[in-house]
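Coordinates in review
Here's the letter readout for the chains.
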Amino acid sequence: MGEQENNKAGGGGNNMAVDEAPPAAAAAKEKGARGAAAADPRLQGISDAIRVVPHFPKPGIMFNDITPLLLRPAVFKDAVDMFVERYRGMGIAAVAGIEARGFIFGPAIALAIGAKFIPLRKPKKLPGDVFSESYALEYGTDCLEMHVGAIEPGERAVVVDDLVATGGTLSAAIRLLERAGADVVECACLIGLPKFKDFYKLNGKPVYILVESRK
């Protein structure tokens, strides 16, 4: 998971292009999203279970710690269930999880909707032939890899991670899957900055988040 380091107090770097809907459409979607959030009491419990740790792992970073959520089975289940409810019946063939926290939610979602789970890993973690996709960080670069043959051309996929901040890691994951011919339907994250709520996109793909990052 490469997003937390950009979730800084006072904002962070943005290393990807975001497609924004027209203001009127964005406002309408935001209003609808807020109504949906208010209607589902599970979201408040999920938000309350996420701890914000200032200046971790280095000064200036506001780290969203999901560990307390994982220690509460009922809340953890609520989060997984909300993703499952969204993707069940959408013909999703693969759930791709980004190392490492995407591995927490991705397999559970995949099993529940009858899809395969594809790990997207850091370099030199996967044996055999792989696709590699580099992406920019605020300082330096990183890379994601996926096994060749993990997904077939035309298969519908969802990318899962715990948090979206700048979107650089998710954008790399989308490119990686699309190089193999996948149809990336959406990115799914537990936590997102307010600007990603429903009407923003990464590489033309929707970003679905459950709760907004707290500061």
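Per an unreviewed UniProt entry, the protein is named adenine phosphoribosyltransferase, and its organism is Urochloa decumbens. According to UniProt, the comment filed for the protein under the heading Pathway (unreviewed entry) is "Purine metabolism; AMP biosynthesis via salvage pathway; AMP from adenine: step 1/1." According to UniProt, the comment filed for the protein under the heading Sequence similarities (unreviewed entry) is "Belongs to the purine/pyrimidine phosphoribosyltransferase family."

Attention now moves to the overall build of the protein. Looking only at helices and strands, the protein has six helices and 11 strands in total. For the protein, the residues scored as buried account for 48% of the 215 residues in total. Summarising the internal contacts of the protein: among those between residues at least 6 apart in sequence, 65% fall at separations of at least 24. Surface accessibility of the protein: about 9600 Å² in total, with carbon and sulfur atoms responsible for 56%.

Below, the discussion takes up the environment of Ala 157. Tracing the chain through its elements places Ala 157 in strand β8 (residues 156–164). Look past the residues within four positions of Ala 157 in its chain and what remains in contact with it is Ile 92, Ala 94, Ile 151, Leu 177, Asp 183, Val 184, Val 185 and Glu 186.

Now for the packing of helix α4 (residues 73–87) against helix α5 (residues 102–113). Two numbers describe how α4 lies on α5: the axes approach to 9 Å, and their chain directions differ by 50°. Compared by their axis directions, α4 and α5 come out oblique. For the pair α4 and α5, the crossing hand works out as right-handed. On α5, the residues touching Phe 76, Ala 79, Val 80, Phe 83, Val 84 and Tyr 87 of α4 are Ile 104, Phe 105, Ala 108, Ile 109, Ala 112 and Ile 113. The residue inventory of the contact of α4 with α5, partitioned by class, reads 12 nonpolar, no polar and no charged.

How each quantity is defined
Residues numbered from 1 in each chain as written. Predicted model: local features only at pLDDT ≥ 70, side-chain atom pairs only at ≥ 80, totals over all residues. Heavy atoms only, no water. UniProt positions renumbered as here; feature names shortened; annotations may be inferred. Helix = DSSP H or I, 4+ residues; strand = E, 2+ residues; numbered from the N terminus. Buried < 20%, exposed > 50% of the residue type's maximum accessible area, 1.4 Å probe, protein only. Contact = heavy atoms within 4.5 Å. Areas by Shrake-Rupley, 256 points an atom, 1.4 Å probe, with all protein chains shown as cover. Axes fitted to C-alpha atoms, helices over the stretch in contact; angles between N-to-C directions. Parallel < 35°, antiparallel > 145°, perpendicular 65-115°, else oblique. Left-handed = near helix turned anticlockwise from the far one by under 90°. Nonpolar A, V, L, I, M, F, W, Y, C, P; charged D, E, K, R; others polar.

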